[in-house]
Amino acid sequence: MKIPFYKYQGTGNDFVMIDNRQQLLSKNNTRIIKKLCDRKFGIGGDGLILLEKPDVDGDDFKMVYFNADGNESSMCGNGGRCLVAFAKFLGIIENEATFTAIDGPHKATITNHQVSLQMQNVADIKQLGNSAFLDTGSPHHVIFTKNVPDLDVKKEGAVIRYSDEYAANGGTNVNFVDMQEDNTFLVRTYERGVEDETLSCGTGVTAVALAAHASGKANTNTVKLIVPGGELSVSFNKENETYTNVWLTGPAIQVFKGEIVCQA
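Keep in mind it's a predicted model, so treat the numbers as computed, not measured.

Participant: Help me understand the pairing of strand 12 (residues 184-191) in this model?
Facilitator: Regular strands place side chains that alternate from one sheet face to the opposite one. Where burial is concerned, most of strand 12 is hidden: 8 out of the 8 residues are buried. A two-sided burial pattern is seen for strand 12, the buried positions comprising Thr184, Leu186, Arg188 and Tyr190 on one face and Phe185, Val187, Thr189 and Glu191 on the other. Sheet topology places strand 11 (residues 173-181) next to strand 12; 7 bridges connect them, and they run antiparallel. Paired with Glu181 across the strands is Thr184, a residue of strand 12. Linkage of strand 11 to strand 12, two consecutive antiparallel strands, is achieved through a turn of 2 residues, within which Asn183 is found at a positive phi near 60 degrees. Here strand 12 runs beside strand 14 (residues 222-227); their pairing, made up of 3 bridges, is parallel. When the sheet's bridge partners are listed, Thr184 is paired in strand 14 with Lys224. Where strand 12 meets strand 13 (residues 196-198), 3 bridges bridge the pair, whose relative direction is antiparallel. Residue Glu191 lies in a different strand from strand 13, and its bridge partner there is Asp196. Hairpin connection of strand 12 to strand 13: 4 residues between the antiparallel strands, including Gly193 at a positive phi of 90 degrees.

What follows is the structure in structure tokens.
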């Protein structure tokens, strides 16, 4: 079975993209999806994303996201931004998009290689001392700490990801955060499903921005996030205790395209 694919990255968070409008790849084939994401035996990526025909009237397409372990997962912010760039490349959209992912509807805009993706509203932020927990389409534990560049993110993140506190709900992503200057934060993220640090995490930096604002560490409605793979920004409004009009913005780049042979 030959599968055409495209590789995209958003601040180093990289994805295998497949135009699956003709159902080339079965969503139930966990083994093949895992192999495609494998960096030694496949294409390599933090996840795989299928662009499919929309289920919802008025949508341009549907997003189906899989972690590198082959399992369908919760929302991926950078993946959503890259999928918008992919849809533009395919001629499905021009400069605006509406699509549905596992966490619900999303809007997006694209100018050159910059993609802004509207995330879901967030009302529940649990403050835990110097940490916080919130769901921005995926669950995130946010830790405000020091010496983030020196941390063993894979080791320390795994401890929290697999802790009893989060085990009942399938674990959590973990973000280690250090303020660099006003409204600018350095972020490193351990992602469940990848089970390692990634160079960037879109839902993660969104969680960091909202947690920073909720705790008073950020005092504007636009926050800059510096990740190992580059820079992102998150803007939002706050209405009572709910964060609305949340937008994640950053680059989304096509890296290469090809065709891979997979045994069914």
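Moving on from the model shown.
Participant: Hey, could you run me through the UniProt feature "active site" (unreviewed entry) in the chain in this one?
Facilitator: Within this numbering scheme, the UniProt entry marks Cys76 and Cys201 as carrying the feature "active site" (unreviewed entry). Annotated residues spanning 126 residues; largest pairwise C-alpha distance 7.6 Å, indicating a single compact cluster. Locating Cys76 in the fold gives a position in the loop between strand 4 (61-67) and helix 2 (77-90). Under the relative-accessibility criterion, Cys76 is labelled buried at 5%. Secondary-structure assignment places Cys201 in the loop between strand 13 and helix 5 (202-214). When its relative accessible area of 4% is taken as the criterion, Cys201 is described as buried. When near neighbours in sequence (up to four residues on either side) are disregarded, Cys201 contacts Asn13, Asn78, His140, Thr189 and Glu191.

Participant: Please clarify how the pairing of strand 16 (residues 242-251) should be interpreted in this entry.
Facilitator: Across 5 bridges, strand 7 (residues 114-118) lies against strand 16 in antiparallel orientation. By the bridge assignment for strand 16, Val115 is matched with Gly250. Sheet topology note: the strand 15 (residues 230-239)/strand 16 ladder contains 6 bridges and is antiparallel. Bridge assignment links Lys238 to a residue of strand 16, and that residue is Tyr243. Linking strand 15 to strand 16, which pair antiparallel, is a turn of 2 residues; within it Asn240 sits at a positive phi near 55 degrees.

Participant: What am I meant to see in the nonpolar core here?
Facilitator: Soluble globular proteins tend to bury their nonpolar side chains together. Core analysis: the biggest nonpolar cluster contains 53 residues, and Met17, Phe61, Met63, Val84, Phe185 and Leu225 have the highest contact counts within it. The element contributing the most residues to this core is helix 5, with 7 residues. Counting contributing residues per domain, this core is built from domain 1 (2-118 + 252-261) and domain 2 (125-240), each supplying no fewer than three. Ignoring sequence-local partners within four residues, the contact set of Phe61 consists of Leu51, Glu52, Pro54, Leu83, Val84, Ala87, Ile92, Ile93, Ala97, Thr98, Phe99 and Thr100. Among the nonpolar cores identified, the runner-up in size contains 17 residues, and Ile32, Leu48, Leu50 and Val64 belong to it.

Participant: What should I look at first to understand the packing of aromatic side chains in this one?
Facilitator: Each aromatic ring pair is described using two quantities: the centre-to-centre distance and the angle formed by the ring planes. Evaluated as defined, the whole model comprises 9 aromatic pairs. Taking the centre distance of 6.2 Å and the plane angle of 70 degrees together, the rings of Phe15 and Tyr65 count as edge-to-face. Note that Phe15 is positioned in strand 2 (residues 13-19) and Tyr65 in strand 4, a separation of 50 residues in sequence. A relative accessible area of 0% means that Phe15 is categorised as buried. Here Tyr65 falls in the buried class, since its relative accessible area comes to 6%. One aromatic cluster in this structure is built from Tyr6, Tyr8, Phe86 and Phe89. Stacked on the ring of Tyr162, the Lys or Arg Arg161 has its end atom at 4.2 Å from the ring centre. Sitting over the face of the ring of Phe144, Lys217 holds its NZ or CZ atom 4.6 Å from the ring centroid.

Each value, and the rule that gives it
Residues numbered from 1 in each chain as written. Predicted model: local features only at pLDDT ≥ 70, side-chain atom pairs only at ≥ 80, totals over all residues. Heavy atoms only, no water. Buried < 20%, exposed > 50% of the residue type's maximum accessible area, 1.4 Å probe, protein only. Helix = DSSP H or I, 4+ residues; strand = E, 2+ residues; numbered from the N terminus. Pairing = 2+ DSSP bridges. UniProt positions renumbered as here; feature names shortened; annotations may be inferred. Contact = heavy atoms within 4.5 Å. Core = buried A, V, L, I, M, F, W, Y, C linked by side-chain atoms within 4.5 Å. Domains from an automatic or database assignment. Phe/Tyr/Trp six-rings, centres within 6.5 Å; stacked < 30°, edge-to-face > 60°. Lys NZ or Arg CZ within 6 Å of the ring centre and 35° of its normal.

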